[in-house]
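# Overview (structure and organization)
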Amino acid sequence: MSHVLVTGGAGYIGSHACKALKAAGFTPVTYDNLSTGWQDAVKFGPFEQGDLSDRARLDAVFAKWQPIAVMHFAALSQVGEAMAKPGLYWRNNVEGSLTLIEAAVAAGCLDFVFSSTCATYGEHDNVVLDENTPQEPLNAYGSSKLAVENILRDFEAAFGLRCVIFRYFNVAGGDPDGEVGEFHRPETHLIPVMLEAVDGKRPALTVHGTDYDTPDGTCIRDYVHVCDLVDAHVLGLHWLQEGKGSRVFNLGTGSGFSVREVIQAAGTVTNLPVPCSDGPRRAGDATKLVSGSTRAGEELGWQPKRSTMQHMIADAWHWHKNGHYDG
């Protein structure tokens, strides 16, 4: 089988990507430092523990497995933390990615699938973002991801590295089979935090900002089911394996949900009340971020089949009630 190096493969999205890769006939090799990931989530291929800053370790892993491609998920991704600790994000996300890219090129592994973010666009209210929207990030998270996109383009010009870049917003849901799921410690993402409140594992969900210029005053975001998302990444890998050129794809449904709409949907799916309280805005949060995926649909043939709010919450609830990792 062909090996694919999956950085961050012990994390939420990376572990689902490993399952999708295995189903598609590849052998995912997880590379993760376990700072936020879980070794229990590595179920679909070999595991190599290591940090992106460790060039010698990366060189050894490339030499051992000789992957045909890299699928790069490993990154810090919390907006609040990025606002407070920008240096941490530039050092981890940018320097780490640069070391990885240099190691891949040195090993002759020139197909690269990169998990970027629509946060590179910044705030463009009342429009559906596409791949040509100006990139004006509001925080160090979006800025660091944009920097890696630019590094990839420079390495393409110099060394023939080919990349597929995916930009997306909020990822939700979980593996319908319950083999892997979303499990952060501490948890910061809206849907799992909300489900912890529903389940009595935290006092209440805090709604960060209720005075935004939206119909109900809360932020609006596009949500994509994690299984739909990783299916796109496998399609991106096939795109590169077929010899097609570097390409950027947005992944979204083209419609958004406000925080209060997500809360309402959770109450409907779980048939339980959602304890919540209002809090101040978080620095770095945009009002409305919605991304279309017309290009991904037309060129990759991608369709977000499970990305309804009901599906995402139901799958997340199933994992919340039945799944966990030790650690």
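Above this note sits the structure.
Here is a short report on the structure shown in this document.

Calculation rules
Residues numbered from 1 in each chain as written. Predicted model: local features only at pLDDT ≥ 70, side-chain atom pairs only at ≥ 80, totals over all residues. Heavy atoms only, no water. Disulfide = S-S within 2.5 Å. Pairing = 2+ DSSP bridges. Helix = DSSP H or I, 4+ residues; strand = E, 2+ residues; numbered from the N terminus. Axes fitted to C-alpha atoms, helices over the stretch in contact; angles between N-to-C directions. Contact = heavy atoms within 4.5 Å. Salt bridge = Lys/Arg side-chain N within 4 Å of Asp/Glu carboxyl O. Buried < 20%, exposed > 50% of the residue type's maximum accessible area, 1.4 Å probe, protein only. Phe/Tyr/Trp six-rings, centres within 6.5 Å; stacked < 30°, edge-to-face > 60°.

### Thoughts on the state of the cysteines
Two cysteines, two sulfur atoms, one covalent bond between them: this is a disulfide. The final tally for this structure, using the stated rule, is 0 disulfides. As a non-bridged cysteine, Cys109 has Cys163 as the owner of its nearest cysteine sulfur, 13 Å distant.

### With respect to the sheet that holds strand S1 (residues 2-7)
Spatial strand order, S3-S2-S1-S4-S5-S7-S12: 7 strands in an open sheet with parallel pairing. Bordering the open sheet on either side are strand S3 (47-49) and strand S12 (247-251), each of which pairs with just one other strand. With strand direction ignored, the average angle separating the axes of adjacent strands in the sheet is 20 degrees. Where S1 meets strand S4 (residues 69-72), 4 bridges bridge the pair, whose relative direction is parallel. Directly across from Val4, in S4, lies its bridge partner Ala69. Along the sheet, helix H4 (residues 86-106) contacts S1, S4 and strand S5 (111-115); its crossing angle with S4, the most-contacted strand, is approximately 170 degrees.

### Topic: the pattern of salt bridges
In total, this model carries 19 salt bridges according to the counting rule given. A salt bridge links Lys19 to Asp175; the shortest N-O distance between them is 3.0 Å. Within this pair, whereas Lys19 is found in helix H1 (residues 12-23), its partner Asp175 is found in the loop between strand S8 (170-172) and helix H6 (190-198), the two being separated by 156 residues in sequence. The class for Lys19 is buried, based on a relative accessible area of 18%. Using a relative accessible area of 4% as the deciding quantity, one classes Asp175 as buried. Here Arg185 and Glu196 are joined by a salt bridge, their closest N and O atoms 3.7 Å apart. With Arg185 in the loop between S8 and H6 and Glu196 in helix H6, this pair connects stretches of sequence that are 11 residues apart.

### As for the sheet that holds strand S15 (residues 288-291)
Pairing between the strands of a sheet comes from backbone hydrogen bonds, and it takes one of two forms, parallel or antiparallel. Spatially, 4 strands are ordered S6-S15-S10-S13 in an open sheet, and the strand pairing comes out mixed. The sheet is open, and its two borders are formed by strand S6 (128-129) and strand S13 (257-258), each paired with just one other strand. In terms of strand pairing, strand S10 (residues 220-221) meets S15 through 2 bridges, oriented parallel. Across the sheet, Arg221 pairs through a bridge with Leu289, a residue of S15.

### Thoughts on unusual backbone geometry
If you check the backbone angles, Gln66 has positive phi at about 45 degrees while not being a glycine. Within the element layout of this structure, Gln66 appears in the loop between helix H2 (55-65) and S4. A positive phi angle, close to 60 degrees, is found at Asn271, a residue other than glycine. In this fold, Asn271 is placed in the loop between helix H8 (259-270) and strand S14 (276-279). Under the relative-accessibility criterion, Asn271 is labelled exposed at 66%.

### Looking at the packing of aromatic side chains
Inspection of the entire model under this criterion finds 5 aromatic pairs. Taking the centre distance of 6.5 Å and the plane angle of 65 degrees together, the rings of Tyr223 and Phe257 count as edge-to-face. Residue Tyr223 is located in strand S11 (residues 223-225), and its partner Phe257 is located in strand S13; the two are separated by 34 residues in the primary sequence. Using a relative accessible area of 4% as the deciding quantity, one classes Tyr223 as buried.

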